Each structure stands twice: as C-alpha cells, then as structure tokens.
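Now for the letters of each chain:
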Amino acid sequence: MASPKKDGGFLTQDQREKLRIAETLSLASPRSPTGGSASALLQQYEQQMLEQKRAVAAAAAGGGTGRGGGGGGGGGPRHVRRAHSGKTIKVKKDGAGGKGTWGKLIDTDADACLDRNDPNYDSGEEPYELVEAPVSTPLEDYKKSFIPIIEEYFSNGDVKLAASDLKELGYDDFHRYFVKKLVSMAMDRHDKEKEMASVLLSSLYGNVISSAQIRLGFLLLLEAVDDLAVDIPAVVDVLALFIARAVVDDILPPAFLSKAKVSLSESSKGFQVVQIAEKSYLSAPHHAELIEQRWGGSTHITVEEVKKRIADLLKEYIKNGDTAEACRCIRELAVPFFHHEVVKRALTLGMESPTAEALIVKLLKEASEECLISSSQMMKGFSRVSESLDDLILDIPSAKSEFQLLVSKAISEGWLDSSYVRSGANGSVEDDEHEKLARYKREAVSIIHEYFLSDDTTEVIRSLKELGYPEYNPIFVKKLITIALDRKNREKEMASVLLSSLSMELFSTEDIAQGFIMLLESAEDTALDILDASDELGLFLARAVIDDVLAPLNLDEISSKLPPDCSGAETLNMARSLASARHAGERLLRCWGGGTGWAVEDAKDKITKLLEEYESGGDVGEACNCIRELGMSFFNHEVVKKALVMAMEKKNERTLTLLQECFGEGIITINQMTKGFSRVRDGLDDLALDIPDAKEKFLSYVEHAKKSGWLLPSFGFASAA
C-alpha cells in the first residue's frame, strides 16, 4: 500500500479537517506526548488508519459476523491502538481514549469537575440549578394587599385614602373578598370599628365597589358564619346588624334577605343571621334611626343631630303617648351622658303645653324608675332649665311658677333627688353651697390620699356613698387626676383603675366627662405647677376611652363645651390620636407601667383558669384569694358571668358556692353580682343553642341568689327578656 503523502493526498475532506484541528491542539497543548510535533501527530494518525483497514480486511476474510471465525469478532471492526509499551489500549467511540490518551479531538474539558480548593476557582463556573418558585395567583396578591388598607383605615378613619388605595389595586371582580374581610375584622373589634366599617362600605358603594360585589361579599360572610363563630361568639347578632345597617344605608336591597335564605340551610347560623336581621332589626318601629345609632354613630354623628333626634322623639311621644316606645327610643340613642338634654327639652315642652305636662311627668318618672336616666342626669337637666328660666319667661310668662311645681312633684314622687339645689325667682341659693362644696373637697382629698396608700377601690366607693353629694362627682374626678398628675406612675395607674371602678359602680359617664372638662379648662393653671400636665392629661383621656369609661363620642361632647382658644383643646386632640392609633389598647394599658391594670383579655383568661381550677376540686378560700389578687374589682361581673355559665355547662352548682363566699367576704359587691347576672340574662338566647335548659337553670340561680341576699331583689328576668 502506497504511503500517504505528507499533505494527506488520499485523505477525505473530513479527515483533513480533523488533522488540521489535531495539529492546532498539539501545538497549543502541553499534554502532547510528542512535545507538539506535527509530523509525529501525522504519523500516529496514519498508523491508526492503517490498523483500521487491516481490521476491516480481517473481518471480511472471516466470513461475516460469526463468532467462530479465527480472529473474527462479532459485530464489526474494533478500533484498537497499541501504546509504545506494546500494551493494547481500547479506544472509545469517536476517538476518545482511556488512560494516557488525549480524549476526543474536539474535547475542551467542558465537563471537567471543578475543584473548589483551586485558587482560581470561580463559583460562576458552577452549573446552574433551576429552582421551582411558587407562583401566586392574582387573588392571593389582592388579599394580601387589602389587609394593610383596612388596618390603616381603622387607625386614621380616612375614607378617601382607603377608596384611593383600593382603586389602585384594581381587581374589581375580587372586591367581594374585601367586603368580607372588612366586616369580619370589624366584628372582632369595638363598636367604633364596626361603625367605621359600615361608613366605609356606604362610601365605596357604586364608585369603587359595585352593588353586585357588595351582595356577593355579604353572601360569603353568611356562608362563613359557622367558622367565624369560633373566634367571635356574638357573630350571629353582630352580622345581622351589619346586614340590617347595609339595608338601611341602601347598599343592600331588602330582597337580598329573601334570596339569601334560599341558598342557606335552615340549620345553619347564616340562616339565623338573616332571620334576626329581618325580624328583630328591620321590622322594629323607627328601625332606621335605631340601627344607625346602635354602634354610637361615632364617626359621623354630631351633637346637633342628637339634639334634633331627641326633639323628634319627644314630639312623637306627645302625639301618641306611648311611654314604653319613648323610653326605648331614648335607650337606643346610646348617649347616656347626654340624657340631661332629654330632661331639659321634656320639661320645656311640659311648661309650654299644659296638656303635655302630665305625659312629660309620666315619661320622666318611668325613665328614672327604669334607671334609664340617672339621678345626676336628671338633676343636671333640671339645673339647665333653672339657669334658662329668664329666657323662657319671654315665651312662657308662668315658667318660674310651673317649674317650681314640677320640682316639688318630682321630689315628692322620688324621681328627683331631694339634694337638688332649688333656685328661687331672685336666683338666691337656699343652702350654703360654698360651705358644702368646701367640705366635700376636703373629704374627697382625704379619700384619695387614703386610696393611694391602701389601693382599696371598694373602700373608696363605700366612702363616697356615705359622703353623699352625687352632684359633686365631677369634682372628685378632677381632684383624683390632679393629685395623680403630681405623683409617680403607680398613682397614675391607680387613678385610671379607680375611674374604671367608679364608672361601673357609682359615677355616670356624664360625671366623668364633666370632670375632664373641668380639668381641660384649668389645664394652663395646672401646667404652672406640673410641667408635663398636658401630655399626662391626654394619656388619662385616651386611657379612659380604652377602658370604656368614656366613649369616643364623649370626646366630641367635651370638645363642644371647651372655650375656642382653650389650651385643653390641644390635649383633647392628642388624646384622640392616642386612642385611635394602631394597637392603642395594648400601649395605653401599659402607659404607666401597668402597675395595677391588665388588658381585659388577660383578665378574662385568668378568671377562666381560676374558675376551672376551683371547679376541678380546688379550695374556695384559695379561689377567693385569686379573685382578690386580680385587683380588678370593677371587672368582677365577669367572674359572676363565667361562674354562672360554667355552672350551666358542668351541671353542678359548685361555682355558685364560690360566688356566695365572695359576696360574704365583700370581694364581689351586690352591684357587680347584678351586673354579672344581667350579662348572662342578655345572652341566654345564644346559650340556649348549646345548653337547651339554660333559661330554666338561670331562673333557679336567680331565685337562689335572691334568697341568699347576694342579688338585688329588683332584678327581673321576665321583664328584661
């Protein structure tokens, strides 16, 4: 066979290309066994080709693919190469060799293993690994985005900002989930947030959220009532009120109720919601006004609107003479601190019309006997009429004489306190008011100092009852806070706790509001002696709102009675901001270190645990000590409520023994007992769903408590139910 030419004359074009590449690699590669000689490479290549041709010829001579031929191998030619040592090395497919070979001709070491210990190691050369990332749906993104909008709205009350943020989100077809979340979050909060949620829905209706989405949102809520009831026990009644409010606000059509019933099971809580909304709320007389005021209307009602509603309900009463209906309307106004306006307007109407006088006397007497209008509110209403007699004479010439007759009748019939200071025609005071006031202030200061030493709220309440003079309750509030302002955080905390106790037991909301008005009016003088008095007074006001001593609406009432340029107005604005901030409850309950005050939820949890421990075989004496150590005597009605419910559930009266012992030791007052029984009475319908004989058991508990003397004899079950 002729030797191949040096230029590879008998090689194919493909072979020539491989040879060219091999020469290039051999020149560049230090691994070449021949030191990079092109001629040596060519010789080696020719040797391989020659061996390949010999193998083909041998295979042909062996007669095909049989295994029996001498030297023949099955399956075709095999590529072999002999090393310089004479040892035969099998060559891999496409020329890739084994140990000591170059590998494929175009092998660039791309698959070589990277050494992380190499100084030249680059992590960027590592092969990429694809990691599957979870893909969120548009609905999930929408749900995550609107929760901060709701939280911010509850914090600042800015309807326009909430509407703008919701518009920016887009997803108009998902707004039903916003409706559901807004209402469900509001249901688990205070009346203020419930009112704010209803106002926001009314504002968004039509412009941002379509009527169809509103309806679908409420349907989602009805379907989820059973789940919501786990966290919100009163969800049935609260959601029914939300739906009734939506109908009154014209964002839900009345037909929504009948259509919703069809899609709900009669045994579901959602069906109960629709029934309550339809029968209890939307069927009542004057239901629109009552529903709008159920949560206090704190976000949009003004003092002028309240006055107008009072005037309207009194005019309606004069026409129909229905005293029970008039009392119900007064109660549903939910402004007990403003009942003096009811008294004032009623007395004025009685003096204007002789035919109306008998009806007015009947209404005020019944309102007093039902404790609808407190003694202090009654006296304040009479005082306001007395102060305006000179103006009334211009329209009613006999106003003074008629007023004196009304005062005498009210005192003789017992619905006006005999301590009321009557003013004569010349304005002179019959009693020595100044001496009485000075004596009261001295006694009040002594009581407050003793309280700061003993921390005994029960003793304070007893002392104030013995002292009398309920008309001076605002002065006690002013003295209490003024003294606490000049002391340490412990006394400030104790003052707030005492206010909570007094609001439950003795003082009306109007008493406390009037006390704060007096404090704000004298804020400039107080600041001369106590530099941070303004800030501390703002904390006292905000804390009173958090403790439910004052309602947010009370702050508006206080603001309306302050002089225009009073420095106390700034303090009031600061209190509003503090009380409406996010997580205000937790911060304000600890604003002075929480020396004696706890969060309400903490107290409820501790009460539940101590009752469970006692019921499982604990010591009654130890249980009494635990209740005493709670330090929340104003909250003992919760102990009574939980003890009664536990007695019903466990079907034994062990917890009643504890209540009787607490009363005997003076730990729980009769007023707190009555309040606890009242709370159970008000929730009997819900309890009956889980405890079928709840009403019968409760009646037996009432009889037992009255017989034992630790429940007020006037407590009634049938009338309230």
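These figures come from a predicted structure and were not determined experimentally.

Reading the values: rules and limits
Residues numbered from 1 in each chain as written. Predicted model: local features only at pLDDT ≥ 70, side-chain atom pairs only at ≥ 80, totals over all residues. Heavy atoms only, no water. Helix = DSSP H or I, 4+ residues; strand = E, 2+ residues; numbered from the N terminus. Buried < 20%, exposed > 50% of the residue type's maximum accessible area, 1.4 Å probe, protein only. Contact = heavy atoms within 4.5 Å. Phe/Tyr/Trp six-rings, centres within 6.5 Å; stacked < 30°, edge-to-face > 60°. Lys NZ or Arg CZ within 6 Å of the ring centre and 35° of its normal. Salt bridge = Lys/Arg side-chain N within 4 Å of Asp/Glu carboxyl O. Expected span 1.5 Å × (residues − 1). Arc of directions from axis to C-beta. Polar contact = N/O pair within 3.5 Å; in protein donor to acceptor, adjacent residues only side chain to side chain. Axes fitted to C-alpha atoms, helices over the stretch in contact; angles between N-to-C directions. Parallel < 35°, antiparallel > 145°, perpendicular 65-115°, else oblique. Left-handed = near helix turned anticlockwise from the far one by under 90°. Nonpolar A, V, L, I, M, F, W, Y, C, P; charged D, E, K, R; others polar. pLDDT = per-residue confidence, 0-100. Core = buried A, V, L, I, M, F, W, Y, C linked by side-chain atoms within 4.5 Å. Disulfide = S-S within 2.5 Å.

Caption draft 1: Inspection of the overall build of the protein at higher detail. From N to C terminus, the protein includes 36 helices and two strands. Within the span of the protein, comprising 721 residues, buried residues form 40% of the whole. For the protein, long-range pairs separated by at least 24 residues make up 72% of all intrachain contacts whose partners lie at least 6 apart in sequence.

Caption draft 2: Examining the packing of aromatic side chains more closely. Here the structure, examined in full by the defined rule, presents 10 aromatic pairs. Here phenylalanine 476 and phenylalanine 507 contribute two aromatic rings whose centre-to-centre distance is 6.0 Å and whose plane-to-plane angle is 85°, an arrangement assigned as edge-to-face. Within this pair, whereas phenylalanine 476 is found in helix α22 (residues 473–485), its partner phenylalanine 507 is found in the loop between α23 (489–505) and α24 (509–521), the two being separated by 31 residues in sequence. The same class applies to phenylalanine 476 and to phenylalanine 507, which are both buried. Geometrically, the ring pair formed by phenylalanine 677 and tryptophan 710 is tilted, given 6.1 Å between the ring centres and 55° between the ring planes. A residue pair is termed long-range when its members are at least 10 positions apart, and phenylalanine 677 in helix α34 (residues 670–682) and tryptophan 710 in the segment after α36 (694–708) qualify at 33 residues. Arginine 654 extends its terminal NZ or CZ atom over the ring of tyrosine 614, reaching a point 4.9 Å from the ring centre.

Caption draft 3: Quick peek at the pattern of salt bridges. Under the counting rule described, the total for this entry stands at 18 salt bridges. The shortest N-O distance in the salt bridge between aspartate 312 and lysine 308 comes to 3.2 Å. Here aspartate 312 pairs with lysine 308, and both are found in helix α13 (residues 303–320), just four residues apart, close to one helical turn. The exposure class assigned to lysine 308 is exposed, which follows from its relative accessible area of 55%. Put simply, glutamate 638 and arginine 679 hold a salt bridge, and the shortest N to O gap is 2.6 Å. Here the residue glutamate 638 occupies a position in helix α32 (residues 636–650), and arginine 679 occupies one in helix α34, the gap between them amounting to 41 residues. Classification of arginine 679 as partly exposed rests on a relative accessible area of 28%. Members of the salt-bridge network, linked through shared partners, are Glu341, Arg345 and Arg384.

Caption draft 4: Local environment of α36. The first and last C-alpha atoms of α36 sit 21 Å apart over 15 residues, in line with the 21 Å expected at 1.5 Å per residue. Here α36 has its buried residues at Ala694, Lys697, Phe698, Tyr701, Val702 and Ala705. Looking straight down α36, one finds that the buried residues subtend no more than 140° of arc, so they occupy a single side. Of the residues in α36, the exposed ones pointing more than 90 degrees away from the buried face are Glu696, Glu703 and Lys707. The inward-facing, buried residues of α36 contact α32, α33 (654–664), α34 and α35 (684–690). Two residues or fewer after α36 comes glycine 709, characterised by a positive phi angle close to 85°.

Caption draft 5: Expanded view of the side chain of serine 268. Examined against the element boundaries, serine 268 turns out to sit in the loop between α10 (255–263) and α11 (269–281). Of the polar contacts made by the side chain of serine 268, one reaches the backbone oxygen of serine 265; its length is 2.6 Å.

Caption draft 6: Here's a closer look at the packing of α32 against α34. Running from N to C, α32 and α34 point in directions that differ by 50°, and their axes come no closer than 7 Å. Relative to α34, α32 is oriented oblique. At the point where α32 passes α34, the crossing takes the right-handed sense. For the pair α32 and α34, the contacting residues are Asn636, His637, Glu638, Val640, Lys641, Leu644, Val645 and Met648 in the first and Gln672, Met673, Lys675, Gly676, Phe677, Arg679 and Val680 in the second. The residue inventory of the contact of α32 with α34, partitioned by class, reads seven nonpolar, four polar and four charged.

Caption draft 7: Up close: the confidence of the model for the protein. Summing up the model confidence of the protein, the mean pLDDT is 75 and the portion of residues at 70 or higher is 74%. Here residues 82–87 is a poorly scored stretch, pLDDT under 50, and it has five contacts once near neighbours within four places are set aside; other chains count.

Caption draft 8: Fine view of the nonpolar core. Of all hydrophobic cores here, the largest spans 58 residues; its most connected members are Phe178, Met187, Phe218, Leu222, Leu239, Phe242 and Ile243. With 12 residues, the single largest contributor to this core is helix α9 (residues 235–248). Phenylalanine 242 has contacts with Val183, Ala186, Met187, Lys194, Ala197, Ser198, Phe218 and Trp295, leaving out every residue within four places of it along the chain. Formed by 50 residues, the second largest nonpolar core is a distinct cluster that contains Met494, Leu537, Leu555 and Trp592.

Caption draft 9: Representation of the state of the cysteines within the structure. Tallying each qualifying case throughout the model produces zero disulfides. Summary of cysteine pairing: cysteine 327 is not part of a disulfide, and the nearest cysteine sulfur, belonging to cysteine 329, is at 9.4 Å. Exposure remark for cysteine 327: the relative accessible area of 2% places this residue in the buried category. There is no disulfide at cysteine 624, and the cysteine sulfur nearest it, in cysteine 662, is 3.9 Å away.

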